[in-house]
Amino acid sequence: MAKNKVKSTAQKQPASVSENVYVSFGLLGIFLVLVFLASSYKISGDDDLFWHLATGRYVVENKVVPDKDVFGHVTAGQEWIPFEWGWDVLSYGLYNIGGYNAILAFRSLAFCFIFFVLYMLLRKFKVNSFLSIAMLLMLLAAIMDRLSPRPHIITYIFFVLLLYILLSYKYLDREKYSKRLYFIPLIFLIWANTHMGVLAGGLILFIYTISETIIYLKPSSYSTTEIRALSKNELRNLWIISAVSALMLLVNPHGFSTFAYAYSHTKMKMLESVNEWQSPLSSKMDFGFIITLYKIFLFSGIIVLYYAFRKKDIYFALMFIGFAIYSVRAIRFTVDYEMIMAFFIIVSLNYLITSIKDIKFRNFFNGNILKGALGVFIIYIISQVPSNAIYEKLQYYRIYGWGINSDFIPVQMFDFIRENKISGTPYNHFGTGGYMVWNFPNERNFIDSRNLNDEIFNEYNSIMVMQPGFEKKLEDRGVDYIVYLDPDLIRRPNDLKRLVTSYFSTNKNWKLVFWDDKSMLFVKDIPKFAEVIAKNEYKVMHPYTALFNKGQFEASVRNNPEAARNEIKRKTDTEPQGYLFQTLNQAAQKILQGL
């Protein structure tokens, strides 16, 4: 086959001062440091990570990918297909190598790789390095919500690899990159077993194949010196590769059932109450700068359409139209759009800027002043990350570092459960179910963030808000201990009164044996918990009583001074700096000093 090169669009522009390659790569290096630091933060409020780990352990130990729930005592035996099992096994393997930090390090390095590939792809298309880094910096800010250590990381990796292969083949050198097309089915095979983002990848490949088919059928309308129509054999090979890639989706432990299950999952009624499933264009939602940046990327598609019109590039146009429609369906799809369309937007913007004929402007644009200023700005941001100052300025909750954020994840409560060998049938908070089954392999949770079906979520919620008959539901399920979590407890203590915690706090059949600034643990007053209750019950220093029944709290301290002192000492030994404890302790000490 004769070698056919198609020059990138920027190569047609008038000559100007060349960019300094060392300055460009220096700027890239500084930016990648920021990417690494920005994606290095403690595990906070991400219970998904833990049930993914538990699933990975189950698959490895049992050598099977289940199709029925194995983690819940209410949902036991109900349909559950872990379609992200490949990620689950990977994260479990990483954990066995280096604990949570190995998973977090993989996350940070993966995002560095993603942005590096995007940058190198842009440079292959002669996009100015200042513009590339500036726009990638905006992209980094736009995807902050999705920097978590979860399976969508694999999707983002494959997004950029797939685009790298297709765009290099289409625009740069077909002979050189044609062999790389044969890696695409392998990518889809791995992708289909790690994350449902593979369907967005399928859309990328489908749009590409359709656009090449249109160009082949209408060469006079869409073929140019820069966008040559494929030959008949090249188009046939592309369709074969696309068809094989589509078939690779079915090469998973449960075949087509995996996708049928995933689809049914998106039809659950409870998703209407989940923020990430709301439309990003809804006037009811306000997500600050994250959604604002998405809208900037979305409306930047106008530049892509202009570029597509001027260059007769139907692929650019179809990619924008396809993924714009894809993204407006739900907030969770907005980052997919941003990751995929970033290249097309930046190339189109570069085309507009480089079309300016003024040589002084172009020399300034390619020179080092802008790069230097951007480098200083990025270094400033880097300096603000370790102290969390940048997140405070953005009013965005995030804690830089490694491991688990124990101010958010109820580590202390679960340590208490482990130390006191508490086991049974729990009613646990939605955000603790994954952590429970990961830390206690033989325990079954009530619910977790897998959201298996509407029925379990409705039952969980009806108990949490004390709908009529909730006591009978607890009794019918045989619940004998309660795991409650609210990381914002000290900011909204009235929730204790509104939710089922008020019932457990005032019912003599339930005993509070652990509490801190974010969690509470109640056990049923039954023989198997007698020893735990005798050693750990809070009869006097009960936060609910202190907050909502001050007279009863004061009388209890007055009538049981010895018990009060013992409970204060226990809390002093375990959580001396707790906000709630200090509040209760001050109130109790005033009474004790007056006795």
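Residues numbered from 1 in each chain as written. Predicted model: local features only at pLDDT ≥ 70, side-chain atom pairs only at ≥ 80, totals over all residues. Heavy atoms only, no water.

Draft legend 1. Here's a closer look at the overall build of the protein. In terms of helices and strands, the protein carries 29 helices and four strands. In the protein, buried positions account for 56% of the 595 residues. Considering only residue pairs separated by 6 or more positions, the protein has 74% of its internal contacts joining residues 24 or more positions apart. With the model as given, the accessible surface of the protein reaches about 26,100 Å², and the carbon-plus-sulfur share is 59%. Positive and negative side-chain charges in the protein, numbering 63 and 49 respectively, have mean positions lying 10 Å apart. (Helix = DSSP H or I, 4+ residues; strand = E, 2+ residues; numbered from the N terminus. Buried < 20%, exposed > 50% of the residue type's maximum accessible area, 1.4 Å probe, protein only. Contact = heavy atoms within 4.5 Å. Areas by Shrake-Rupley, 256 points an atom, 1.4 Å probe, with all protein chains shown as cover. Lys, Arg positive; Asp, Glu negative; His and termini not counted. Charge placed at Lys NZ, Arg CZ, Asp CG, Glu CD.)

Draft legend 2. Examining the side chain of S108 more closely. With respect to the element layout, S108 can be found in helix 3 (residues 85-124). The class of S108 is buried, set by a relative accessible area of 0%. Among the polar contacts made by the side chain of S108, one reaches the main-chain carbonyl oxygen of S39 at a distance of 3.0 Å. When neighbours within four sequence positions are excluded, S108 is seen to be in contact with F36, S39, S40 and W402. (Polar contact = N/O pair within 3.5 Å; in protein donor to acceptor, adjacent residues only side chain to side chain.)

Draft legend 3. Region of interest: the packing of aromatic side chains. This model, assessed by the stated rule, comprises 47 aromatic pairs. On the numbers, 5.3 Å between centres and 80° between planes, the contact of Y208 with Y315 is edge-to-face. Placement of the pair is Y208 in helix 8 (residues 198-217) and Y315 in helix 14 (residues 314-327), with a sequence separation of 107 residues. As far as the burial class goes, Y208 and Y315 line up, both buried. With centroids separated by 6.0 Å and ring planes inclined at 10°, the aromatic side chains of F361 and F365 adopt a geometry described as stacked. (Phe/Tyr/Trp six-rings, centres within 6.5 Å; stacked < 30°, edge-to-face > 60°.)

Draft legend 4. Quick look at the pairing of strand 2 (residues 481-485). The buried count for strand 2 comes to five of five residues, which makes it a mostly enclosed element. Residue alternation in strand 2 divides its side chains into two sets, Y481, V483 and L485 and I482 and Y484, and both sets are buried. Where strand 1 (residues 426-428) meets strand 2, three bridges bridge the pair, whose relative direction is parallel. Bridge assignment links P426 to a residue of strand 2, and that residue is Y481. (Pairing = 2+ DSSP bridges.)

Draft legend 5. Broad picture of the sheet that holds strand 4 (residues 519-524). Spatial ordering of the open sheet is given by 1-2-4-3, a layout of four strands whose pairing is mixed. Edge positions in the sheet fall to strand 1 and strand 3 (510-515), since each of these pairs with one other strand and no more. Across the sheet, the mean angle separating the axes of adjacent strands is 20° when strand polarity is ignored. Each of strand 2, strand 3 and strand 4 is contacted by helix 19 (residues 411-419), which is oriented at about 25° to strand 4, the strand it contacts most. (Axes fitted to C-alpha atoms, helices over the stretch in contact; angles between N-to-C directions.)

Draft legend 6. Structural view of the pairing of strand 3. Across the six residues of strand 3, six count as buried, placing the element largely inside the fold. Here strand 3 pairs with strand 4 via five bridges, running antiparallel. Across the sheet, residue F514 finds its bridge partner in strand 4, namely L521. Connecting strand 3 to the next strand, strand 4, in antiparallel fashion are three residues.

Draft legend 7. Structural context of the confidence of the model for the protein. The share of residues in the protein with pLDDT of 70 or more is 96%, and the mean pLDDT across the chain is 93. For residues 1-15, every residue scores under 50 in pLDDT, and the model assigns this stretch 38 contacts once sequence neighbours within four places are set aside. (pLDDT = per-residue confidence, 0-100.)

Draft legend 8. Structural detail: the environment of N388. Mapped onto the elements, N388 comes out in the loop between helix 17 (368-384) and helix 18 (389-394). Taking the C-alpha atoms as reference points, N388 and I399, eleven residues apart in sequence, are found 6.3 Å from one another. Those residues in contact with N388, other than ones at most four positions away along the chain, are R398, I399 and Y400.

Draft legend 9. Geometry of unusual backbone geometry. One non-glycine residue, N388, lies in the positive phi region at around 70°. Positioned with a positive phi, K421 is a non-glycine residue whose angle comes to about 55°. One can find K421 in the loop between helix 19 and strand 1. On the accessibility criterion, K421 (71% relative accessible area) is exposed.

Draft legend 10. Region of the structure containing the environment of I321. Within the secondary structure, I321 sits in helix 14. Taking C-alpha positions, I321 is 71 Å from P561, a pair spaced 240 residues apart along the chain.

Draft legend 11. Layout of helix 19. Residues of helix 19 that are buried include every one of V411, M413, F414, F416 and I417, and no others. Tucked into the core, helix 19 has its buried residues touching helix 20 (433-439), strand 2, strand 3, strand 4 and helix 25 (530-536). Directly beyond the C-terminal end of helix 19, a positive phi value near 55° is found at K421.

Draft legend 12. Examining the packing of helix 1 (residues 21-38) against helix 3 more closely. Running from amino to carboxyl end, helix 1 crosses helix 3 at an angle of 150°, the nearest separation of the two axes being 9 Å. Between helix 1 and helix 3, the crossing angle belongs to the class labelled roughly antiparallel. Like other packed secondary-structure pairs, helix 1 and helix 3 cross with a definite hand, here right-handed. Here S24, F25, L28, F31, L32, V35 and F36 of helix 1 lie close against helix 3, whose contacting residues are S108, L109, F111, C112, F115, F116, Y119, M120 and R123. (Parallel < 35°, antiparallel > 145°, perpendicular 65-115°, else oblique. Left-handed = near helix turned anticlockwise from the far one by under 90°.)

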